[in-house]
Amino acid sequence: MTTIIKNGTIVTADLTYTADIRIENGLIAEIGQNLTGGDTLDATGCYVMPGGIDPHTHLEMPFMGTYSADDFESGTRAALAGGTTMVVDFALPNPGQSLLDALDMWHNKTSRAACDYSFHMAITWWGAQVFEEMETIVRDRGINTFKHFMAYKGALMVDDDEMFASFQRCAELGALPLVHAENGDVVAQMQAKLMADGNDGPEAHAYSRPPEVEGEATNRAIMIADMAGCPVYIVHTSCEQSHEAIRRARQKGCRVYGEPLIQHLTLDESEYANPDWDHAARRVMSPPFRSKQHQDSLWAGLSSGSLQVVATDHCAFTTQQKRSGLGDFRKIPNGTGGLEDRMPMLWTHGVATGRITMNEFVAVTSTNIAKILNIYPKKGAILVGADADLVVWDPKRTKTISAKTQQSAIDYNVFEGKTVTGLPRYTLTRGVVAIEEDTVKTREGHGAFVRRPPVTPVAKALSTWKDITAPRKVTRTGIPASGV
Ligand SMILES: NC(=O)NCCC(=O)O
Ligand SMILES: [Zn+2]
Ligand SMILES: [Zn+2]
C-alpha cells in the first residue's frame, strides 16, 4: 500500500525543508518533490515530523496496592492522539522474581497496543540470578536499558551496593542504566515526621520530597555510574539541584542524560495548596511539582542541551484510586497522566514561546531518545528506510484540554482548561493513519515490540576509554627484599 504526504514542510532534529514523502509497506520509501500515486494526505500549512517517542510510561502497572488505569489500548490511543507513535514501558519484577518471567508478564499486557512499544527492565532486587538473566534480557530479548529506583523504600528501592553491581553489569553488556533519583531513606523519615505532626494531606507528599532529596540522589547515581564505567539516564529530572548535578557531570565529560517531564515543565507546586483534596491528590507524583524557578532551570536545560528528552512518566490513577490515601498521603498512588498532551503542551509552551526551536522540539520528543535507546534511524528520523511513524503537525489547530474529550481512561486531566495550539492533523504509525484531526482510527493490536540492540556508539566509546584508563599494576624491576 502506497501513501503520499504532500505539500508539507519536513522538520527533523537538524533540518527544515519542503518535500513530499512516499510511504510503502510502513516504511519511508522516497522523499522528494511532486510525488504522486497511492492515497494522498494533504499537509498544506503543516510540519511533517518524526512521531513522538515517550520513553517513560507505566501502563497497567501494579503499584501501591492498585493498577494504573490506562492499559496498552487506552494508553497507546492517547499517545497517538497527541502525536506520539512509540512508548517505552517498564517491566517490574517482584522481589525474587525472574526477570524473564516479569518480561513475559509485561508482553502479555500488550496485545491491544495501537502503536509500537518497548520495555525497560527494572532491577528491583539483586543476586546471581539477576546478574545472569541481565545478559539474556540484553542479548536475546531486545532490551538494552535497566531501571533502578533509589526511592520507594521497602518496595522497588535498591541500595547503593546493588546499584553499583548492576551498573557494572550494564557496562559489561553495553546496556544503559536508568535511575529514579530520590533518596528513599530520607523520604521515608520525612514522611514519618510529617505524619506524626498531623500533616496527612497531599501537600505533605511534596514537603517530604524536597529538591535536595533529588539532587543528592542524582549526584550519587552519576558518581556510581562513572565508577562503574557506564553512561546513565536520570528519569523525571524535576529541579535545579538534579539538573545541576547532570550539567556539572556533563561538563566533566560524563555521559549523563536528563529527562524532564512535561508536567514539571508546565505545572507547579501551587497545585498542592488547592483546598480541594481531590485536586491536590490527583497531582501527587514523585518527584512532586516544583516552583517556577525550577521550571526555568528545566527549560534552560532543554534549550542549552544539558537536558535531552521530554517524557511523561504516564502513570494515571482515577480519583477513586487516589482516595485510598485519604488521611495518609503516603498511600495516595503516585503518578499523573500526560501521554496525549506532551507534544501539544511542549509545542505551545516551548516552540510558540521561543524557548525551543521546532528542530529542538523534534530532538527532545523523538530523535534524541531514539539515539539513546539505539533505535535510530528506524525511529526518530525522516529518512528513506525508516519506519513511517510520522505526525503531520498543524501549528494552527487549537483545543482546550478536557477530561471529557481525552483518550485516557481516567476521570480528570492535570492540564484541564489549558488551551494548546499545535496539534496533529494526522498521526501515522508505520504508515497507517491512526488519527485524522478529531477522528480516532487506531487499530488494536497494530503495535509491535521494538527490539533494541546493546552497545550504542556512546557505550562503545566509553568502554574503550575506561579500558585505556583502567588501573594497571606497575611492573617493577627493583623490588626490595622484604624486611631488609
Ligand atoms: N512518578 C510517579 O509518581 N509514579 C510512577 C512511578 C515512578 O516513575 O516513580
Ligand atoms: Zn520514578
Ligand atoms: Zn516512572
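Bear in mind that the values here come from a model prediction, so they are computed numbers and not experimental data. (Residues numbered from 1 in each chain as written. Chains lettered and ligands numbered in written order. Predicted model: local features only at pLDDT ≥ 70, side-chain atom pairs only at ≥ 80, totals over all residues. Heavy atoms only, no water.)

### A word on the overall build of the chain
Here comes step 1: Summing up its helical and strand segments, the chain has 15 helices and 20 strands in all.
Here comes step 2: The C-alpha atoms of the chain give a radius of gyration of 23 Å, which matches the 23 Å a tight globule of 484 residues would have.
Here comes step 3: Over its C-alpha atoms, taken along the principal directions, the chain stretches across nearly 90 × 65 × 40 Å.
Here comes step 4: Every one of the 484 residues in the chain was classed for burial, and the buried ones make up 60%.
Here comes step 5: Within the chain, counting contacts between residues at least 6 apart in sequence, those at least 24 apart form 76% of the total.
Here comes step 6: Of the roughly 18500 Å² of accessible surface on the chain, a fraction of 50% belongs to carbon and sulfur atoms.
Here comes step 7: Averaging the coordinates of the 47 positive side-chain charges in the chain and doing the same for the 57 negative ones gives two points 4 Å apart. (Helix = DSSP H or I, 4+ residues; strand = E, 2+ residues; numbered from the N terminus. Rg over C-alpha atoms; globule rule 2.2 N^0.38 Å. Buried < 20%, exposed > 50% of the residue type's maximum accessible area, 1.4 Å probe, protein only. Contact = heavy atoms within 4.5 Å. Areas by Shrake-Rupley, 256 points an atom, 1.4 Å probe, with all protein chains shown as cover. Lys, Arg positive; Asp, Glu negative; His and termini not counted. Charge placed at Lys NZ, Arg CZ, Asp CG, Glu CD.)

### Looking at the state of the cysteines
Here comes step 1: Inspection of the entire model under this criterion finds zero disulfides.
Here comes step 2: Free of any disulfide, Cys315 has its nearest cysteine sulfur in Cys115, 17 Å distant. (Disulfide = S-S within 2.5 Å.)

### Some words on the site of ligand 1
Here comes step 1: Taken together, the neighbourhood of ligand 1 is formed by His56, His58, Tyr152, His180, His236, Met285, Ser286, Asp313, Cys315, Asn334 and Gly335.
Here comes step 2: Tyr152 places a side-chain nitrogen or oxygen 2.6 Å from an oxygen atom of ligand 1.
Here comes step 3: Interatomic distance of 3.4 Å between a backbone N/O atom of Gly335 and an oxygen atom of ligand 1.
Here comes step 4: Isolated, ligand 1 exposes 260 Å² of accessible area, and the fraction of that covered by the protein chains is 100%.
Here comes step 5: Split by residue class, the shell around ligand 1 holds three nonpolar, seven polar and one charged. (Near = heavy atom within 4 Å. Polar contact = N/O pair within 3.5 Å; in protein donor to acceptor, adjacent residues only side chain to side chain. Nonpolar A, V, L, I, M, F, W, Y, C, P; charged D, E, K, R; others polar.)

### Quick look at the pairing of strand β4 (residues 20-24)
Along any regular strand, the residues point their side chains to alternate faces of the sheet.
Here comes step 1: Burial analysis of β4 places four of its five residues in the buried class, which makes it a mostly covered element.
Here comes step 2: For strand β1 (residues 2-6) and β4, the ladder comprises four bridges, and the chain directions are antiparallel. Bridge pairing links Thr2 to Glu24 in β4.
Here comes step 3: Bridge analysis of β4 against strand β5 (residues 27-32) gives five bridges, and the strand direction is antiparallel. When the sheet's bridge partners are listed, Arg22 is paired in β5 with Glu30.
Here comes step 4: Count of turn residues in the β4/β5 antiparallel hairpin: two residues, of which Asn25 carries a positive phi of about 50 degrees. (Pairing = 2+ DSSP bridges.)

### Side note on the nonpolar core
Here comes step 1: Ranked by internal contacts, the top residues of the largest apolar core, which has 61 residues, are Phe167, Ile234, Leu346 and Phe361.
Here comes step 2: By residue number, the principal contributor to this core is helix α7 (residues 211-228), which donates six residues.
Here comes step 3: For Leu346, the contacting residues outside a window of four places in its chain are Ile262, Leu265, Trp299, Val310, Asp341, Val351, Ile356, Phe361, Val364 and Thr365. (Core = buried A, V, L, I, M, F, W, Y, C linked by side-chain atoms within 4.5 Å.)

### Notes on the packing of aromatic side chains
Here comes step 1: Across all of its chains, the model carries 13 aromatic pairs by this definition.
Here comes step 2: Relative to Trp347, the ring of Tyr47 lies with its centre 5.9 Å away and its plane at 40 degrees, an arrangement referred to as tilted. With a gap of 300 residues between them, Tyr47 in strand β7 (residues 47-50) and Trp347 in helix α13 (residues 342-351) connect regions that are remote in the sequence.
Here comes step 3: Using a relative accessible area of 5% as the deciding quantity, one classes Trp347 as buried.
Here comes step 4: Ring plane angle 70 degrees and centroid distance 5.9 Å describe the contact between Phe72 and Tyr117, whose orientation is recorded as edge-to-face. Highlighted residues: Phe72 in helix α1 (residues 72-81) and Tyr117 in strand β12 (residues 116-122), separated in sequence by 45 residues.
Here comes step 5: Accessibility expressed as a relative area gives 1% for Phe72, which makes it buried.
Here comes step 6: Each residue in the set Tyr47, Trp347, Phe361 and Trp393 is aromatic and connected to the rest through ring pairs, giving one cluster. (Phe/Tyr/Trp six-rings, centres within 6.5 Å; stacked < 30°, edge-to-face > 60°.)

### What about the coordination of the zinc ion (ligand 3)?
Here comes step 1: Bound to the zinc ion (ligand 3) on the protein side are His56 (NE2), His58 (NE2) and Asp313 (OD), at distances that span 2.0 to 2.2 Å.
Here comes step 2: Here the zinc ion (ligand 3) is ringed by four donor atoms whose angles at the metal span 83 to 135 degrees, and the overall shape comes out irregular.
Here comes step 3: Taken in sequence order, the residues that donate to the zinc ion (ligand 3) follow the motif H-x1-H-x254-D.
Here comes step 4: A separation of 3.7 Å is found between the zinc ion (ligand 3) and the zinc ion (ligand 2). In this pair, His58 is assigned in the loop between β8 (52-54) and β9 (62-63) and Asp313 in the loop between α11 (292-304) and α12 (319-322), connecting sequence segments 255 residues apart. (Donors = N, O, S within 2.8 Å, 3.2 Å for Na, K, Ca; no water. Tetrahedral: all angles 85-135°; square planar, octahedral: opposite > 155°, others 65-115°.)

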